[in-house]
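Given next are the chains, with one letter for each unit.
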Amino acid sequence: MREGLKTQDGGIQYDLSASTFSPDGRVFQVEYAMKAVENSSTAIGIRCKDGVVFGVEKLVLSKLYEQGSNKRIFNVDRHVGMAVAGLLADARSLSEVAREEASNFRSNYGHNIPLKHLSERVAMYVHAYTLYSAVRPFGCSFILGSYDQDDGPQLYMVDPSGISYGYWGCAIGKAKQAAKTEIEKLQMKDMTCRELVKEVAKIIYIVHDEVKDKAFELELSWVGEVTNGKHELVPKDVREEAEKYAKDSLEEEDDSDEENM
Amino acid sequence: MAACMSANRSENAFSANDLVPEWAQEEVSTGTTIMAVEFDGGVVIGADSRTTTGAYIANRVTDKLTPIHDHIFCCRPGSAADTQAVADAVTYQLGFHSIELDEPPLVQTAANLFKQMCYRYREELMAGIIVAGWDKRKGGQVYTVPMGGMIVRQPVSVGGSGSSYIYGFMDSNYKPGMTKEECLHFCTQALTLAMERDGSSGGVARLAAITEDGVERRVVLGNQLPKFSNV
């Protein structure tokens, strides 16, 4: 609903710039930026007992794409990973911002940046772009995850309005509601990364819409005790096992549905 | 430190400027002996209390143990002005950083901030620092940042002009796994030996023990220092 646009009697338009509030107190440009995120395919991040796992449903628009290209999960620092949804170009530039923050922190203070601090710094940067009419807000949300000996696993999400939240599990993108429902069913605080990887793959397979979006590639990454604190893409054998588990679970559900009918 | 500085000055009591005696033109230096020792649960730091301008003792009861944060101290040998300026700047930066992070700062962070400044301005500064303190992650830690801006963590570290005389004592008497009282005793002895031999060190021995519970300061007055020789 285009409440911002009031053209009937040549009235004021409230949605043309980020520096304008609407009469009911909304900044429409920021809300439109969040819609851009909702058009993108789903990304989820879940924090467990000993690490963090990311899963991204990467829609394959062309058979000509090289497998593994157009990554949606980035390394921000050795111990920090970032999964994105929304305008990919905006997300890439923000990943550079995050990398610089982490690098400057290490250079000034001599140790790994705590994830809460990093997400606050990047959120502050994103927020700055919602204040002026000369620029547009970033059209992407992203999930940051890290693991280190002292703070354990951490998960934060930043959205285009420039707020950062800490989570045990979160989802962004078109199927985020469905994904959130699935995530809430999990007892992640008691799970290890190895168990969680399979569940994350399953959730992505569940929320993927076979009808509207045909082919997709599952991008999985993790950071935790299992990787000694290094964020990396999940190794091939673990990924194949996770995808097999996901596909088998879906078939079981289909079978049980048929039996019920 | 003070010894090598005065080698550049003239031998006469009055130099080119006759109105002011030579000693009043010397740069203020904390000649110094300082040291820091790690133990399980914290650190003990110690320093002498003499500040010199040339051969004149400007302050015989100086406090060279400077708090940088609640559980982090630094010892400042070298030029008094340089080390005070650097310590003030680092105190500010560390305080700001701690508020931003909403948790007490790490000793490693403080030491790195000192290193950044000492390395960047290495040509202008004459400051070697020993940073010591306690934090939740790694417990008691001692980092030494000598002139030039290197940083290294050591279980025990000595610095200042008087340190040259006690390296042997330190090597032969330091044992890992000492208790807080043993460390205090070890520091008192080492400082005493250095103050005996180094002209730029003397006065009283100031000690501080930093643990999770806070800072406990002690002063050992001149006549209470241990006696090593009967002469």
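Residues numbered from 1 in each chain as written. Chains lettered and ligands numbered in written order. Predicted model: local features only at pLDDT ≥ 70, side-chain atom pairs only at ≥ 80, totals over all residues. Heavy atoms only, no water.

Per an unreviewed UniProt entry, chain B carries the name Proteasome subunit beta and comes from Esox lucius. The UniProt entry for chain B carries the following text under Catalytic activity (unreviewed entry): "Cleavage of peptide bonds with very broad specificity." (UniProt positions renumbered as here; feature names shortened; annotations may be inferred.)

An unreviewed UniProt entry lists chain A under the name Proteasome subunit alpha type, from Esox lucius.

All names here are of chain B. If you check helix H5 (residues 180-197), its first and last C-alpha atoms are 26 Å apart, about what 18 residues at 1.5 Å a residue would give, namely 26 Å. Listing the buried residues of H5 in full gives Cys 183, Leu 184, Phe 186, Cys 187, Thr 188, Gln 189, Ala 190, Leu 191, Thr 192, Ala 194 and Met 195. The inward-facing, buried residues of H5 abut strand S2 (34-39), strand S3 (42-47), strand S12 (156-159), helix H4 (167-173), strand S13 (205-211) and strand S14 (214-220). (Helix = DSSP H or I, 4+ residues; strand = E, 2+ residues; numbered from the N terminus. Expected span 1.5 Å × (residues − 1). Buried < 20%, exposed > 50% of the residue type's maximum accessible area, 1.4 Å probe, protein only. Contact = heavy atoms within 4.5 Å.)

All names here are of chain B. The positions UniProt marks with the feature "active site" (unreviewed entry) are Thr 32. Tracing the chain through its elements places Thr 32 in the loop between strand S1 (28-30) and S2. Those residues in contact with Thr 32, other than ones at most four positions away along the chain, are Asp 48, Lys 64, Pro 77, Gly 159, Gly 160, Ser 161, Gly 162, Asp 198, Ser 200 and Ser 201.

Moving on: the pairing of S12 of chain B. Residues and elements named next belong to chain B. With burial as the criterion, each face of S12 is covered, one bearing Val 156 and Val 158 and the other bearing Ser 157 and Gly 159. Relative to S12, S2 runs antiparallel, the two sharing 4 bridges. For Val 37, the partnering residue across the bridge sits in S12 and is Val 156. (Pairing = 2+ DSSP bridges.)

Now for the interface of chain A and chain B. Counting residues at the interface gives 12 residues for chain A, matched by 10 residues for chain B. Both sides together, the interface formed by chain A and chain B hides about 1100 Å², and carbon and sulfur atoms give 46% of it. With a shortest N-O distance of 3.2 Å, Arg 137 of chain B and Asp 150 of chain A are connected by a salt bridge. The interface formed by chain A and chain B holds 5 residue pairs in polar contact (both at pLDDT 80 or more) in total. Within the residue set of the side of chain A that touches chain B, elements represented by two or more residues are helix H2 (88-109) and helix H3 (115-128) of chain A. Here the side of chain A that touches chain B gets 4 residues from one element, more than from any other, and that element is H2 of chain A. Residue composition of the side of chain A that touches chain B, by class: 3 nonpolar, 5 polar and 4 charged. (Buried area = accessible area lost by both parts, 1.4 Å probe. Salt bridge = Lys/Arg side-chain N within 4 Å of Asp/Glu carboxyl O. Polar contact = N/O pair within 3.5 Å; in protein donor to acceptor, adjacent residues only side chain to side chain. Nonpolar A, V, L, I, M, F, W, Y, C, P; charged D, E, K, R; others polar.)

Another point: the packing of H2 of chain A against H3 of chain A. All names here are of chain A. At their nearest, the axes of H2 and H3 sit 10 Å apart, and the two run at 135 degrees to each other. Classified by the interaxial angle, the pair formed by H2 and H3 is oblique. Taken as a pair, H2 and H3 cross one another with a handedness that is right-handed. Between H2 and H3, the contacting residues are Leu 94, Val 97, Ala 98, Glu 101, Ala 102 and Phe 105 on the first element and His 117, Leu 118, Arg 121, Val 122, Tyr 125 and Val 126 on the second. Class assignment for the residues of the contact of H2 with H3 results in 9 nonpolar, 1 polar and 2 charged. (Axes fitted to C-alpha atoms, helices over the stretch in contact; angles between N-to-C directions. Parallel < 35°, antiparallel > 145°, perpendicular 65-115°, else oblique. Left-handed = near helix turned anticlockwise from the far one by under 90°.)

Looking now at the confidence of the model for chain A. Summary statistics for chain A give a mean pLDDT of 90 and a share of 93% for residues scoring 70 or more. Counting interchain partners and residues more than four positions distant, the pLDDT-below-50 stretch residues 7-11 of chain A has 2 contacts. (pLDDT = per-residue confidence, 0-100.)

The next subject is the packing of H2 of chain A against helix H3 (residues 107-120) of chain B. For the pair H2 of chain A and H3 of chain B, the least separation of the axes is 7 Å and the interaxial angle reads 85 degrees. Taken as axis vectors, H2 of chain A and H3 of chain B run roughly perpendicular relative to one another. Across from Ser 107, Asn 108 and Tyr 109 of chain A in H2 of chain A, the residues of H3 of chain B making contact are Gln 108, Thr 109, Asn 112, Leu 113 and Gln 116 of chain B.

Considering the arrangement of structural elements, one finds Thr 188 of chain B in helix H5. Sequence-distant contacts of Thr 188 of chain B, defined by excluding residues within four places in its chain, comprise Leu 207, Val 220, Leu 225 and Pro 226 of chain B.

It is worth spelling out the sheet that holds S13 of chain B at this point. All names here are of chain B. One open sheet accounts for 5 strands, arranged S12-S2-S3-S13-S14; its pairing is antiparallel. Each end of this open sheet is capped by a strand with a single partner; those strands are S12 and S14. Strand-to-strand twist across the sheet, computed as the mean angle between neighbouring axes with direction ignored, equals 15 degrees. Bridge analysis of S13 against S14 gives 7 bridges, and the strand direction is antiparallel. Across the sheet, the residue bridging to Thr 211 is Gly 214, located in S14. Together, S2, S3, S12, S13 and S14 form the strand contacts of H5, whose direction differs from that of S2 by roughly 160 degrees.

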